[in-house]
Amino acid sequence: MVFSTDKISDPGIDQAGLRKIHYSPSVYVISLPCSSGVKPKWIMHALENGFDGVFIAADGHECSFSSRCAEYTNKIVEVSQQLMKAKNINPKRIRMAALCSVCAEPFANHMENFGKILANLED
Amino acid sequence: MKERIGVYICHCGGNISDYVDVEELSKMFYKEDNIVVSKNVMFVCADSSQKAMIADIQEYKLDAIVVCSCSPKLHLHTFRNVAACAGLNPFNYVQVNIREQCSWPHSDHPHEATVKAAGLIRAGINRVSHSESLENIEIEVKKSALIIGAGVAGMKAAIELARSGNEVFLVEKDYFVGGHIAQKGQLFMSDQEGKDVITSLYHEIKKYPNITLFTGSTIEKVSGSLGSFHIELKVKPRYINPRVDKQTVKSVMDECPIEIDDPFNLGLVKRKVIYKNYPEALPDLPVVDAEALKVFPDFVAKYKSVLNLTEEEQIISLMAGSVLVTTGYDDYLPKEGEFGYKTLENVITLPELNRLMELNPNKLVYGGKEIKSIAFIYCVGSRQSKGENRFCSRQCCTSAIYTSLQLKKKYKDIQAYHIYRDIRTYGKQEVLYEQSSKQGDLYFKYEEKEMPVIEREGKSLIVKIKDYLTARKQLEIETDMVVLVTGMMPRKDALQISELFKIPVGSDRFFNEIHPKLKPVETVIKGVYIAGACQGPKNITESVQSSLAATSKIIALLKKGSFSADPIIARIDMDACSWCDKCAEVCDYSALKMIEMNGKMVAGVNKAMCAGCGICAPVCPENAIEIAQYTDKEIEAMIDGFLAKLEINEKEGGSDSTPKESAIRMEEYPQVWKEILAVMKDGKYTIPQIAENSKLNSELVTYHLMTMNKYGIVVPDGMDDKEMYYYYKENEDSH
Ligand SMILES: Cc1cc2nc3c(=O)[nH]c(=O)nc-3n(C[C@H](O)[C@H](O)[C@H](O)COP(=O)(O)OP(=O)(O)OC[C@H]3O[C@@H](n4cnc5c(N)ncnc54)[C@H](O)[C@@H]3O)c2cc1C
Ligand code: SF4
Ligand code: SF4
């Protein structure tokens, strides 16, 4: 499960498709206005109901909403990891990386690496 | 919950249906209770499909639609319009991206692509079931604009805004208008005097009764938002009676007993404390430094009809629909000892030399001695790889070289040495560099890691450099004067404006636009624009260009009289909120304020100010905040949709579903085809040419052209000269 952003990382993910760069078909994306708007509650919902991992394709420094976006998104990951620990979910099941609007290959690479990590987790 | 949903799944002429079994999917969803219409369509964006969709919505009384095709970046507004035309609320429509995020990246696994598409569509249906009808937020916009800073950028903007009938408040901190230009003497590229440019702009401004100019004024308080900013202005008095005739004022100025270092002339001369920046400075009314004159009560008493030292500061309230910030820049001021500044005699800055030249029309004299040679040291205070000014100031190279041309013209016998890091006389300014080389100026190149060193030897200054133009040879240049070519800096007081209006500043500390290329004068604060050198180093042409760009944006906004804001903003669950302030802390837009609701303190959202970023939502400990269209219900229902286990039969031999009929009628063409055909009208073109002329992404053109080829709408027509690309032309027979 991937959270992307309307203006920055989702166009990057679209680019991967446009250029027919393949990644796993078990990747599903929800696009939001800003990566700092992901609620830990949603992340838990995904992990508790069947997703192996959650990836936040963050805006980082490119965010047009807030110069502190990276810090806020980080905080969301931290809070989620606390919740995950409490439910015995491996904190490695959440990951975040900044992705730009032309980051097609980086996105596919992230999906491949994250997929490998998730496959090896036993929790 | 929506009960009558329409689902439209697009083939995209094969771009989707070659890999995703769209027919199977539309059959599958049709079986569900709340789905009234489920269709697979060759091109959903075609005119004929849009019309059919409108008819369906009306005929079957659909209460929501889901369009499963390409990325929402392409057609979100197309289908919102379709919904609106059919009388359905545009926000009861959801776009599902089964092309860029499904059929294309998973073209290697058609069955898995179909399974994923099913999950994506299921999620879209779930989301739309929870969707709410939303109305745009209409905000009334006052027909007035506030411009902060009367430099060339602000003055030009004031004229244009007034010309189109708006009320304009032009606020200048200094007592005289013009900003840096007034100080400059002759200007590069136009050879006009800076003060003449300002004089003509000022007279133009005076023609418009709808411009109110406030000088000696600063913004003290700001509240409100786009449409009606409430501004509190502090206007300092001039302490002089404006009704007294000019001759009398002049004689009082002449008789004034006190002189101080003249800041306008950068301390090179003294001026009276009843003063104008320069004789022609405007508005044409001197200013009195009341504090300084208080120690001369006799003088003040003698001229009490002219001097009015008891005049008080005024606080004025204004209301503006929009705000333009044109507060300009500061000159970089070298630190004491930087290249000998303030520690060695005859080391001055470029702006100081420019003033010195204005004050010395015939002979260049400094410290009582005529100057016959000048060494310019470039990039002082700019491009500091370790300092705080990492940017290039862009104007200093041209300005130094232009000054050197002026020196030769004005004083004939003078030698210039240019000690530079890189010469950046970009664009048309390059000719000045050529002229300077031709007139005998000498150029030397240094690198930041080996900075020039300046020492005094007897009456001369010696500049020691490692010259990169002569294999890093150690050279010594003897000169009468060293001029530090200083750059442009963000204004020291810019933070005050940034805080009042919440305009973000970049890592370079200049004001930040939303996007340097696509939204170059807009800020993230709705209704607040920036232009001129407050955005970063710019010359006059560039400052005025940005100022006119901002002006046209503001004119459009004020002309309409209202602003229709997206309803996708934050809202607070008043029962859950306990006003802990956490959300307000992270909101960069000051959209969240404490309000009282039924005797309880809760967070209130200012609808005009909220940008809908959603940053406040995860920080609320009570989960009291939701963003419209991104509610917990909608997002969690989407996640459930992705995970729904849907049974999909694998087609024998993959899912090659090449459509049976190959004839497509014109009204069934998708919009992109029309754009492609429009540029192919009169001849044959390669894919890169079509992409270039249509401004479409070349990969997108490739896919569509292949599909158009498949349906016989275009045909190949030989290869280009380099045998790299095929030419394509429209197929006459397809009509
Ligand atoms: C050495 C040098 C030489 C140059 N020579 C040339 C040249 O020959 N030709 C050329 O095209 N360009 C030249 N430039 C560039 C030129 O100076 C700028 O492009 C131009 O001044 C920018 O205009 P502006 O209106 O944006 O800013 P400014 O000229 O800085 O004007 C800003 C105005 O806003 C006012 N202000 C600031 N803050 C506030 C506030 N809070 N409230 C109210 N008012 C405020 C200031 O007092 C000022 O009047 C030169 C630059 C340098 C550094
Ligand atoms: S963070 Fe939540 S509880 Fe606190 S003030 Fe904001 S909305 Fe209310
Ligand atoms: S959504 Fe963004 S702009 Fe709106 S109130 Fe929340 S933090 Fe502020």
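Up top you'll find the structure we're talking about.
Okay, so let's go over this structure. (Residues numbered from 1 in each chain as written. Chains lettered and ligands numbered in written order. Predicted model: local features only at pLDDT ≥ 70, side-chain atom pairs only at ≥ 80, totals over all residues. Heavy atoms only, no water.)

Overview of the site of ligand 3
Rules: Near is defined per residue: the residue qualifies when any heavy atom it owns lies within 4 Å of the molecule or strand. Only Asp, Glu, Lys and Arg are considered charged in this grouping, and only Ala, Val, Leu, Ile, Met, Phe, Trp, Tyr, Cys and Pro are considered nonpolar; every other residue, Gly among them, is considered polar.
Close to ligand 3 lie B:A570, B:C587, B:Y589, B:A591, B:L592, B:C610, B:A611, B:G612, B:C613, B:G614, B:C616 and B:I627, which account for all nearby residues. Considering only residue class, the shell around ligand 3 consists of 10 nonpolar, two polar and no charged.

Focus: unusual backbone geometry
All names here are of chain B. Test applied: Helix and strand definitions here come from DSSP, where helices need a minimum of 4 consecutive H or I residues and strands a minimum of 2 consecutive E residues; each element is numbered from the N-terminal end. Burial here depends on accessible area, computed with a 1.4 Å probe over protein chains only, as a share of the maximum for the residue type. Under 20% is buried, over 50% is exposed, and the range in between is partly exposed.
Residue P283 is reached from L282 by a cis peptide bond, and omega for that bond is 0°. Relative to the assigned elements, P283 resides in the loop between β13 (274-275) and β14 (287-288). One non-glycine residue with positive phi stands out, namely R383, at about 50°. Of note, R383 is situated in the loop between β21 (373-380) and α12 (396-411). The exposure class assigned to R383 is buried, which follows from its relative accessible area of 14%.

What to know about the sheet that holds strand β4 (residues 94-98) of chain A
All names here are of chain A. This is how it is decided: For two strands to be treated as a pair, DSSP must find no fewer than two bridges joining them. Axis definition: a line fitted to C-alpha atoms, limited for helices to the stretch in contact. Angles are taken between N-to-C directions and run from 0 to 180 degrees. Should any heavy atoms of two residues lie within 4.5 Å, those residues are considered in contact.
Pairing is parallel in the open sheet, where four strands are placed in the order β2-β1-β3-β4. With partners counted over all chains shown, the strands left at the sheet margins are β2 (29-32) and β4, one partner each. Taken pair by pair, the neighbouring strands of this sheet meet at an average axis angle of 20°, ignoring direction. Those strands touched by helix α2 (residues 40-48) are β1 (2-5), β2, β3 (54-58) and β4, and its axis lies near 145° from that of β3.

Section: the packing of helix α11 (residues 350-359) of chain B against α12(B)
Residue and element names in this part refer to chain B. Inclusion rule: An angle below 35 degrees is treated as roughly parallel, one above 145 as roughly antiparallel, one from 65 to 115 as roughly perpendicular, and anything else as oblique. What makes a crossing left-handed is the near helix being turned counterclockwise from the far one by less than a right angle; a clockwise turn instead makes it right-handed.
Contact geometry of α11 with α12 gives a least axis separation of 11 Å together with a crossing angle of 25°. As the angle between them shows, α11 and α12 are arranged roughly parallel. The two elements α11 and α12 meet at a crossing, and its hand is left-handed. Listed contacts from α12 to L350, L353, N354, M357 and E358 of α11 are C396, S399, A400, T403, Q406, L407, K410 and Y411.

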